[in-house]
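Each chain is listed here by its residues.
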Amino acid sequence: MAANANRPALIALTALAPISWGSTYAVTTEFLPADRPLFTGVMRALPAGLLLLALARVLPRGAWWVKAALLGALNIGAFFPLLFLSAYRLPGGMAAVVGSVGPLFVAGLAALLLGDRPTLRTLLTGIAAALGVSLVVLQAAGALDAVGVLAALAATASMSTGTVLTKRWGRPDGVGPLALTAWQLTAGGLLIVPVALLVEGAPPALDVRAVGGYLYLALANTAVAYWLWFRGIGRLSATQVTFLGPLSPLTAAVIGWAALGQSLTPVQVAGMVLAFGATVLGQVGPRGGRPAPARGFAGGGCGAGGAAITSRRPRVT
């Protein structure tokens, strides 16, 4: 009973992660150097990972060196570059639309790896979420690029696989979600470093605004947000957590309207209502059942974060 009573608070705390990621676009366009998405990915992931690692004071052991590296690659190291690639090659919010099918990816993977069969309601809710996000961010402009679409699908598959594997593997005995988050962010950040150097060259000069922007991304937007996200994965079902992903593009749209002077059409507002309704419905467990226990977790747990590409510059979770 106590666990059920605390469940709404747990969902609300986990939801803070995609809500925070929804602010990334505004921070990137208003504070950070232009056209340095991979450097931004490094500055988000690596400092946050090292900070959490210093706080947790726990290193992986045995097979967890490989598991942590793989999870870091799926959730951070591969996800960021693939998402940025799709953002640059696809028109308008198409990358976010492709990413919004994450709940359907996770439902399929959870059936294969966790034995959780998706219900008809889950599938219909996932379709409704994708449709709602499409109405919010999709802009009719330009032809679709095959490489961009494949990159967006690969990014979604990467984060979805990382989410399900995080749920399946749990965490080692005596290791908290803080340490597991630190391992993934550090491994993912280190993976992006050579890619950023090869593609973008040396780091750019930073002014005070850029430093402030990167501090926000590394601390609130990444260290705290991903800790809440992986903690939620451990205590909720993988599908429930992924259904919180649409909150990211919805938040980006609201911030764009409230702070950046962007307009919202009636169609976009309808899409926001539809996507938010799907997000809420995605948190409702099976009738008469209990939330599925976390595999390999003792008393707790360790994206998809979705992405919203709503304008001329990309943003990621």
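Look up a bit, the structure's there.
The text that follows walks through the structure, step by step, so that each part is easy to find. Here the structure is a predicted model, which means the values were calculated and not measured. (Residues numbered from 1 in each chain as written. Predicted model: local features only at pLDDT ≥ 70, side-chain atom pairs only at ≥ 80, totals over all residues. Heavy atoms only, no water.)

**Re the overall build of the protein chain**
Along the protein chain, the regular secondary structure elements total 14 helices and zero strands. Taken across its 317 residues, the protein chain has 54% of its residues classed as buried. Carbon and sulfur atoms make up 70% of the accessible area of the protein chain, which totals about 13,500 Å². (Helix = DSSP H or I, 4+ residues; strand = E, 2+ residues; numbered from the N terminus. Buried < 20%, exposed > 50% of the residue type's maximum accessible area, 1.4 Å probe, protein only. Areas by Shrake-Rupley, 256 points an atom, 1.4 Å probe, with all protein chains shown as cover.)

**Quick look at the packing of aromatic side chains**
This structure, assessed with the given rule, holds six aromatic pairs. Between Trp-21 and Tyr-226 the ring centres are 4.8 Å apart and the planes differ by 45°, which places this aromatic pair in the tilted class. Residue Trp-21 is found in helix 1 (residues 2–21), and its partner Tyr-226 is found in helix 11 (residues 208–235); the two are separated by 205 residues along the sequence. Joined through ring pairs, the aromatic side chains of Trp-21, Tyr-226, Trp-229 and Phe-230 make up one cluster. (Phe/Tyr/Trp six-rings, centres within 6.5 Å; stacked < 30°, edge-to-face > 60°.)

**Quick look at the side chain of Ser-237**
Looking at the secondary structure, you find Ser-237 in the loop between helix 11 and helix 12 (238–242). A distance of 3.0 Å separates the side chain of Ser-237 from the backbone nitrogen of Gln-240, its partner in a polar contact. (Polar contact = N/O pair within 3.5 Å; in protein donor to acceptor, adjacent residues only side chain to side chain.)

**Description of the nonpolar core**
Soluble, globular proteins show a tendency: their nonpolar side chains are buried together. Counting residues in hydrophobic clusters, the biggest one holds 43 residues, and the most contacted among them are Ile-76, Phe-80, Trp-183, Tyr-226 and Trp-229. Elements supplying a minimum of two residues to this core: helix 1, helix 3 (37–56), helix 4 (64–77), helix 5 (79–89), helix 9 (146–169), helix 10 (177–200) and helix 11. (Core = buried A, V, L, I, M, F, W, Y, C linked by side-chain atoms within 4.5 Å.)

**Things to note about the environment of Ala-146**
One can find Ala-146 in helix 9. Of the residues examined, Ala-146 reaches a relative accessible area of 56% and is grouped as exposed. Considered as a pair, Ala-146 and Arg-89 are 57 residues apart in the sequence and their alpha carbons are 8.8 Å apart.

**With respect to the packing of helix 13 (residues 247–259) against helix 14 (residues 266–281)**
It is at 10 Å that the axes of helix 13 and helix 14 come closest, and there the two elements cross at 145°. When you trace helix 13 past helix 14, the crossing you get is left-handed. Side by side, helix 13 and helix 14 meet where Leu-247, Leu-250 and Val-254 of the first sit next to Met-272, Ala-275, Phe-276 and Thr-279 of the second. Among the residues making up the contact of helix 13 with helix 14, the classes are represented as six nonpolar, one polar and no charged. (Axes fitted to C-alpha atoms, helices over the stretch in contact; angles between N-to-C directions. Left-handed = near helix turned anticlockwise from the far one by under 90°. Contact = heavy atoms within 4.5 Å. Nonpolar A, V, L, I, M, F, W, Y, C, P; charged D, E, K, R; others polar.)

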